[in-house]
Amino acid sequence: MCYWIGTKKVRKAMEQRSKNQYPSEFNQQVNEAIVAMKDEFMEYYVAIGKGKPQITALVKENGKLQFHNMQWTLPYSYYDKKTSKVVTRELLNSTCERVFYQHKDIIFNHRCLIPIDGYFEYYHFRKETYPYFIQPKNGDLFYAGGIWNKKVDEQTGEISESFSIITTPPNPLVEKIHNNPDAPNGSRMLLLIKEDEALNYLNENLTIEEVKQFFKPYDEKEMTAHSVLRFQRKENSQFLNSSKVQEYFEYPELVA
């Protein structure tokens, strides 16, 4: 679940907002980060998580907001008592209930925000699945809350960065859509941070309880959702790089 996001309009939307007559402190800092960014901004109508794409995320380093292109997946290692071996899993998403255990070394000083147009979720109906696009009601942006880390290759010295998006229990709207009976963690939704709370989410000095205050469902009144074409099917692959994947697509069986 929550393995598909859109980032196509993110950079343009953030640039426009920073040009407002009275931009917020957050938007001012975002604009400075955009100007300072040397890499290409990664834009997708739909980024498929299982392909481990490079996504542009917002982090705080050296006291400033910065945009980093990171791979969407974060390794998590643990000791398996049954096999007496260390097992490593790659997590696209991390549940808020386990993040302090799974990512205890980075949850406090390596939180990040992933600006997105919206994200995709699958609705199950009569043994069929239908993708839905969930987006801000005002046509603005979502800021997905995540954690990130960097790794240095001991042989080459090359630095690589990766992230995982945190998930929370769903609000009523998302709960209706993400109704997969086989979902291992039940119905979930991405952790979405309000813009006026974004700088605080990236604050490196928060306590456990202060971080946990963010782990709540986003207000359903501030989002909307609609069905879209089945972009993961072979016959629709030509639409992956077009706006059609985010546009409303009608399924007669769902409107009947």
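Summary of the structure given here. (Residues numbered from 1 in each chain as written. Predicted model: local features only at pLDDT ≥ 70, side-chain atom pairs only at ≥ 80, totals over all residues. Heavy atoms only, no water.)

Some remarks on helix α1 (residues 10–18)
How we decide: Under the scheme applied here, a residue whose accessible area is under 20% of the maximum for its type counts as buried, over 50% as exposed, and between as partly exposed, the area being computed with a 1.4 Å probe on protein chains only. Numbering of helices and strands runs from the N terminus, with a helix taken as a DSSP run of H or I at least four residues long and a strand as a DSSP run of E at least two residues long. Think of the arc as the fan of directions from the helix axis to the C-beta atoms. Any pair of residues with heavy atoms lying within 4.5 Å of one another is described as a contacting pair.
Those residues of α1 that fall on the buried side of the exposure criterion are Val10, Ala13, Met14, Arg17 and Ser18. Along the axis of α1, the buried positions cluster into a sector of 130 degrees, meaning they face one direction only. For α1, the secondary structure elements touched by its buried residues are α2 (25–36), β4 (64–72), β8 (111–116) and β11 (142–152).

What about α2?
Put simply, the test is: A helix is expected to span 1.5 Å multiplied by its residue count minus one.
Here α2 spans 17 Å end to end across 12 residues, near enough to the 16 Å set by a 1.5 Å rise per residue. Those residues of α2 not exposed but buried are Phe26, Asn27, Val30, Ala33 and Ile34. Taken around the axis of α2, the buried residues stretch over an arc of 115 degrees, which confines them to a single face. Exposed residues lying more than 90 degrees from the buried face of α2 are Glu25, Glu32, Val35 and Ala36.

A look at the side chain of Thr56
Short version of the rule: Two N or O atoms form a polar contact when they lie within 3.5 Å of each other; inside protein one atom must be a possible hydrogen donor and the other a possible acceptor, and for residues adjacent in sequence the pair counts only when both atoms belong to side chains.
Inspection of the secondary structure puts Thr56 in strand β3 (residues 54–61). Judged by relative accessible area, Thr56 falls into the buried class, the value being 2%. A polar contact is formed between the side chain of Thr56 and the backbone nitrogen of Met42, at a distance of 2.9 Å. Looking at Thr56, its side chain comes within polar contact range of the side chain of Asn69, at 2.6 Å. Contacts of Thr56, omitting those with residues within four sequence positions, involve Met37, Glu40, Phe41, Met42, Phe67, His68, Asn69, Ile114 and Pro115.

Concerning the pattern of salt bridges
The condition is simple: Any carboxyl oxygen of Asp or Glu within 4 Å of a side-chain nitrogen of Lys or Arg constitutes a salt bridge here.
Here the structure, examined in full by the defined rule, presents eight salt bridges. As a salt-bridge pair, Lys150 and Glu61 come within 3.3 Å of each other at their nearest N and O atoms. Of this pair, Lys150 sits in strand β11 while Glu61 is found in strand β3, placing the two residues 89 residues apart along the sequence. With a relative accessible area of 34%, Lys150 lands in the partly exposed category. Salt bridges sharing common partners tie together Glu61, Lys150 and Glu161.

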